[in-house]
Every structure is written in structure tokens, then in C-alpha cells.
Amino acid sequence: MAETESGARTGLSGRRRAVAFWVQTLLTLAVVAAIAWLVYDNWDAFTSILDVGPVEFLGISAAVLCSFIILGVMIQALANHFGARIPLPQTVLLGLMTTTLNYLPMKTGTVVEGIVLRTRYGVSFSHFIALVAGTNSMHIWATFTVAGLFLLVEGVDEQVLAWSLFVLPTVGLAGLVWWGSRHDASGKPTHDSKIVRGIV
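Residues numbered from 1 in each chain as written. Predicted model: local features only at pLDDT ≥ 70, side-chain atom pairs only at ≥ 80, totals over all residues. Heavy atoms only, no water.

1. A word on the overall build of the protein
Counting secondary structure elements, the protein contains eight helices and zero strands. Beginning at the N terminus, the succession of helices and strands in the protein can be written as α-α-α-α-α-α-α-α. Expressed as a percentage of the 200 residues in the protein, the buried residues total 22%. A sequence separation of at least 24 residues applies to 42% of the contacts in the protein between residues at least 6 apart. (Helix = DSSP H or I, 4+ residues; strand = E, 2+ residues; numbered from the N terminus. Buried < 20%, exposed > 50% of the residue type's maximum accessible area, 1.4 Å probe, protein only. Contact = heavy atoms within 4.5 Å.)

This is the structure:
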């Protein structure tokens, strides 16, 4: 009986590996095809890059590389919170793939990212939704904070708007972090107060 159950588990595991292999293969082909289509469809934009000076080109390249590294760090940190240990180079490549495919209709990159995290790293779709919400929250915080800081440095007349953009996103993000610290990865509140547990 035990041998039968062990054989069944082995067969199931083998089928899952086969399914994961074909899913990853098809996704890889889809990514390559999407990138080829984007290059073909935007060929004029790509050729115009040749008109950019070397200093500007290096500056743009460095900024884009830093943005993908930061995105990879965010994905890795949030995935680690849900028990998925993903090396940083793979999260950077995952962020690159997601950003590229999101130029296609219906947020294709985000859908593919969810499938990859589910099939390869075991991240549930509910946790993936939380991961996407977390990265989007970080993007919104960074965008509004930098905009507010820029307005403050420029000394614009709308000081209330500038300070609101600079301060309020940080307060909101701090609130989300506090809320997250009171929950475990399963989403169950762990705060000592019954009132707070009832609210969150």
C-alpha cells in the first residue's frame, strides 16, 4: 500500500514537472515573439536611438538598469515574505519580462509573471495579487514623493500641493507597512487588540 502511494506521488510529481517545463517553454517562446513584434512595430523608435549622444545613451541605459534592479529587489522581498526564495538575478529578469510584455494588450506581462511564479516557485495567485499590489504601491509612493520633492526644490507657489505629494504618500505607505506587520503571510491579523483585529 505504501509503495503504491509512493509511486502515485512520484508519478504526480513527474507530471507536474512536465507541465511546468512545457509552460515555461511556451512562455519563453511567447516572450521572444512579443519582443520581436515590439521591435518590428517600433522600428523607427529603435533606430532613432542612434541619434542620441553617447553620454545621453549611457545615462538612459544606467537609469533603466537601475529601475529594473530596484523592481527585482521589490519582487524578491515580497516573494520572500510569502516563503518563495528567488535569486535576485531571476527577479530582475522577471521584472524585465513583465515590463516588456505589459506593452501588449490586457497586461500580458503581469499575467505571465503570475503563471511563472505559480508554476516555478509555488507562489499562490492570492499571494501574487498581494505581490502586485505591493510593487504598485511602491511605484505610486516613489512617483508622488519624487514629484513633491521636485516641486519643493523648484520653489513653486503651490506649496500645499508640493508638501502633500511629498508627505501623504509616505504616511500612506507607512500605514500599509504597519498593517502588514500585524498580519502573517496567510493574511490573518496578529494584533493583540480585538478592536484592531476586527477592523483589519
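2. A closer look at the packing of aromatic side chains
Scanning the entire structure with this criterion turns up one aromatic pair. Note on Trp163 and Phe166: the rings are 6.1 Å apart at their centroids and 75° apart in plane angle, and the pair reads as edge-to-face. Of the two residues, Trp163 and Phe166 are both situated in helix H7 (residues 159-181); the distance of three residues between them amounts to about one turn of the helix. (Phe/Tyr/Trp six-rings, centres within 6.5 Å; stacked < 30°, edge-to-face > 60°.)

3. Description of the side chain of Thr145
Within the element layout of this structure, Thr145 appears in helix H6 (residues 125-154). With a relative accessible area of 12%, Thr145 lands in the buried category. Within polar-contact distance, the side chain of Thr145 engages the backbone oxygen of Trp141 at 2.7 Å. In this structure Thr145 touches Leu165, Phe166, Pro169 and Thr170, once residues within four positions along its chain are discounted. (Polar contact = N/O pair within 3.5 Å; in protein donor to acceptor, adjacent residues only side chain to side chain.)

4. Observations concerning the nonpolar core
Core analysis: the largest hydrophobic core is formed by 20 residues, its most contacted members being Leu94, Met97, Leu101, Val112, Val116 and Leu117. Mapped by element, the contributors of at least two residues to this core are helix H1 (2-41), helix H3 (54-81), helix H4 (88-101), helix H5 (108-121) and H6. Excluding residues within four positions of it along the chain, Leu117 makes contact with Ile86, Leu94, Gly122, Val123, Phe128 and Leu131. (Core = buried A, V, L, I, M, F, W, Y, C linked by side-chain atoms within 4.5 Å.)

5. Concerning the packing of H4 against H5
Remark: H4 packs on H5, axes separated minimally by 6 Å, with the N-to-C direction vectors making an angle of 150°. By the angle class used here, H4 and H5 are roughly antiparallel. Two packed elements cross with a definite hand, and for H4 against H5 that hand is right-handed. Contacts between H4 and H5 involve Gln90, Leu94, Met97, Thr98 and Leu101 on the former and, on the latter, Thr108, Gly109, Thr110, Val112, Glu113, Val116, Leu117, Arg120 and Tyr121. Looking at the contact of H4 with H5 residue by residue, the classes come out as seven nonpolar, five polar and two charged. (Axes fitted to C-alpha atoms, helices over the stretch in contact; angles between N-to-C directions. Parallel < 35°, antiparallel > 145°, perpendicular 65-115°, else oblique. Left-handed = near helix turned anticlockwise from the far one by under 90°. Nonpolar A, V, L, I, M, F, W, Y, C, P; charged D, E, K, R; others polar.)

6. Here we look at a nonpolar patch on the surface
On the surface, Trp43, Phe46, Ile49, Val52, Phe57, Leu58, Ile60 and Val64 cluster together into a nonpolar patch covering about 750 Å² of accessible area. Contributions of two or more residues to the nonpolar patch are made by helix H2 (43-48) and H3. The dominant element in the nonpolar patch, judged by the number of residues it contributes, is H3, at four residues. Inspection of the secondary structure puts Val52 in the loop between H2 and H3. (Patch = residues over 30% accessible without salt bridge, like charges linked within 9 Å, V, L, I, M, F, W, Y side chains within 5 Å. Areas by Shrake-Rupley, 256 points an atom, 1.4 Å probe, with all protein chains shown as cover. Salt bridge = Lys/Arg side-chain N within 4 Å of Asp/Glu carboxyl O.)

7. Topic: the confidence of the model for the protein
Of the residues in the protein, 82% have a pLDDT of 70 or more, and the chain-wide mean is 76. Contacts from residues 193-200, a stretch scored under 50 in pLDDT, to residues over four places away or in other chains number eight contacts. (pLDDT = per-residue confidence, 0-100.)

8. Regarding H6
Between its terminal C-alpha atoms H6 stretches 43 Å, which fits the 44 Å expected from 30 residues at 1.5 Å a residue. The complete set of buried residues in H6 reads Phe128, Leu131, Val132, Gly134, Thr135, Thr145 and Gly148. (Expected span 1.5 Å × (residues − 1).)

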